[in-house]
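Each chain, letter by letter, is given below.
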Amino acid sequence: MSADAKVYIKGRAADAHEAHHHVMPISTYLKVFGALMVLTVLTVVVSYLDLGPLALGVAMLVAVIKAAAVIGYFMHLKFDTRFHTFVFLSTLLFVAIFFTLTFFDLKTRDMMNQTWDSHAYARDAGLDQKPALRDTRPLTAEEIEHLKTHGHH
Amino acid sequence: MSTAHVGHEAALGHDAHGDGHDHAAHPPHLRHHFDNSGQQESAAKLGMWIFLATELLMFSGLFLAYFVVRSNYPEMVLEAHERLDKILGAINTVVLIFSSLTMALAVRASQTNQRVQARWYLLVTILCAMTFMVVKYMEYSAKIEHGTLPGRFYAEHVQDLAAGVEGTLDRWYGGYQLFFGIYFAMTGLHGIHVLVGIGLIIWIMWKNEKGAYSSEYYTPVENVGLYWHLVDLIWIFLFPLLYLVK
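Attention in this report is confined to the structure presented alongside it. Just so we're clear, the structure is a prediction, and the values are computed from it rather than from any experiment. (Residues numbered from 1 in each chain as written. Chains lettered and ligands numbered in written order. Predicted model: local features only at pLDDT ≥ 70, side-chain atom pairs only at ≥ 80, totals over all residues. Heavy atoms only, no water.)

Now for the overall build of chain B. Secondary structure summary: chain B contains 7 helices and 2 strands in total. Secondary structure elements of chain B occur, N-terminal to C-terminal, as α-α-α-α-α-β-β-α-α. Residues counted as buried form 52% of the 246 residues belonging to chain B. Residue pairs at least 24 apart in sequence account for 74% of intrachain contacts in chain B once pairs closer than 6 positions are excluded. For chain B, the accessible area works out to roughly 10800 Å², and carbon and sulfur atoms hold 66% of it. (Helix = DSSP H or I, 4+ residues; strand = E, 2+ residues; numbered from the N terminus. Buried < 20%, exposed > 50% of the residue type's maximum accessible area, 1.4 Å probe, protein only. Contact = heavy atoms within 4.5 Å. Areas by Shrake-Rupley, 256 points an atom, 1.4 Å probe, with all protein chains shown as cover.)

When its secondary structure is counted, chain A shows 5 helices and 2 strands. The order of helices and strands in chain A, counted from the N terminus, is β-β-α-α-α-α-α. Looking at chain A as a whole, 32% of its 153 residues qualify as buried. Taking all contacts inside chain A whose residues are at least 6 apart in sequence as the whole, residues at least 24 apart take part in 50%.

Before going further, it helps to examine a nonpolar patch on the surface. A cluster of nonpolar residues, L93(A), F94(A), I97(A), L101(A), F104(A) and L57(B), forms a patch on the protein surface that exposes about 610 Å² of accessible area. The element contributing the most residues to the nonpolar patch is helix α3 (residues 82-115) of chain A, with 5 residues. (Patch = residues over 30% accessible without salt bridge, like charges linked within 9 Å, V, L, I, M, F, W, Y side chains within 5 Å. Salt bridge = Lys/Arg side-chain N within 4 Å of Asp/Glu carboxyl O.)

Moving on, we come to the packing of aromatic side chains. Remark: the centre distance and the inter-plane angle together describe each pair of aromatic rings, the angle taken between the planes. All names here are of chain B. Scanning all chains against the criterion turns up 19 aromatic pairs over all chains. For the ring pair F63 and F237, a centre distance of 6.5 Å and an interplane angle of 80° mean the geometry is edge-to-face. Residue F63 is found in helix α2 (residues 37-72), and its partner F237 is found in helix α7 (residues 219-244); the two are separated by 174 residues along the sequence. Judged by centre distance (5.1 Å) and plane angle (90°), the rings of F132 and W235 are edge-to-face. Placement of the pair is F132 in helix α5 (residues 115-145) and W235 in helix α7, with a sequence separation of 103 residues. (Phe/Tyr/Trp six-rings, centres within 6.5 Å; stacked < 30°, edge-to-face > 60°.)

By the secondary structure assignment, R108(B) is in helix α4 (residues 86-111). For the buried R108(B), no salt bridge exists, and the shortest N-O distance to an oppositely charged side chain is 12 Å, to E222(B). With sequence-adjacent residues up to four places away left out, R108(B) is seen in contact with V23(A), M24(A), P25(A), I26(A), Y29(A) and Q114(B). (Lys, Arg positive; Asp, Glu negative; His and termini not counted.)

Moving on to the packing of helix α2 (residues 54-74) of chain A against α7(B). Where α2(A) contacts α7(B), the two axes come as close as 9 Å, and the packing angle between them is 170°. In terms of orientation, α2(A) lies roughly antiparallel with respect to α7(B). Note on element contacts: α7(B) touches α2(A) through H229(B), D232(B), L233(B), I236(B), F237(B), P240(B) and L241(B), opposite L56(A), A59(A), M60(A), A63(A), V64(A), K66(A), A67(A), V70(A), I71(A) and F74(A). Of the residues in the contact of α2(A) with α7(B), the class split is 14 nonpolar, 1 polar and 2 charged. (Axes fitted to C-alpha atoms, helices over the stretch in contact; angles between N-to-C directions. Parallel < 35°, antiparallel > 145°, perpendicular 65-115°, else oblique. Nonpolar A, V, L, I, M, F, W, Y, C, P; charged D, E, K, R; others polar.)

Turning next to unusual backbone geometry. In this model, H76(A) sits at a positive phi of 65°, which is unusual for a non-glycine residue. Examined against the element boundaries, H76(A) turns out to sit in the loop between α2 and α3.

What follows deals with the environment of F132(B). Residue and element names in this part refer to chain B. Classification of F132 by relative accessible area gives buried; the value is 0%. Here the alpha-carbon distance between F132 and G89, two residues 43 residues apart in the chain, equals 9.6 Å. Residues within four places of F132 in sequence aside, it is in contact with N92, V95, L96, H190, V194 and W235.

Right, here's the structure in full:
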């Protein structure tokens, strides 16, 4: 009866005890750790170079490689049943849908405004103006007044 | 009526658990609703991976918020991120990846029946997790001291030499407080996960001392390990996005 309950490894039926016995040598763990350290140094170095718009892509690529090493080896997904890989990859699929649809919305709003001729309204109302940053705009008269009464000299 | 009743009882007593509750044949860790250890382990690990999936979905909302803020205010994010301490962030990255290594080695030690080794690997993992939280505490206190808090709590020191005034101003819409809102939400939720992880690893270590795990049964060590690696995984993305990206 017990033999009816199947355990699957890499998509094929396996002996119930086989699931316990994939032991990786310690040297593999150390190599993965070494690779993660090298990639961490690489990310830090890259952040000091002036790569412009490429910087985000490079940083994310390095992070994805690091994540793959952690998932594949430390989390054993490479040697685990394929169904766990399926669960993991389908999560990423839904995250991708979440990100893609949100950015479709955000990035096409301006287009909609122009199409429907409401861009002029947004501009007149100051809605298309991004708020100025602390370091790039002078203090307003009200703020100076506020600091004169509440600030310290 | 009575025949049906007897038939039902017979069905319950027979075959429902395969080996018909012969306790001598049960390993002590095997719950009665599983047929064998392999099935129990598969169920536990599938459950853990599904839980990790929900964790990723939860964090993905915060990552999306980060990318939306970044895409709307790229200059602000670039300026604000310079206020984070890259060195402390890098130290924490190394500490967390090292703790992931020792956690993986603790699982391996349990796999190979090395209980004493498992103890030391788990202890190092806990110490690394605590180091991470100490560094985080140092970073948070510096941020709080400088008034770089999220939303309406943002009150950074400003001065206008021409007008001869200085002091703190809050409610600067679109300013750094947006970045620090994201920073505190993401690192805060991650920090809570580290604290929970410390608790879980202490529990595993205690059970390991009591001799609960062996090469026959170490699923809880493995599942806590999976959780801990996920905490590491999220930090692998948080570090470049918050501390480094130019």
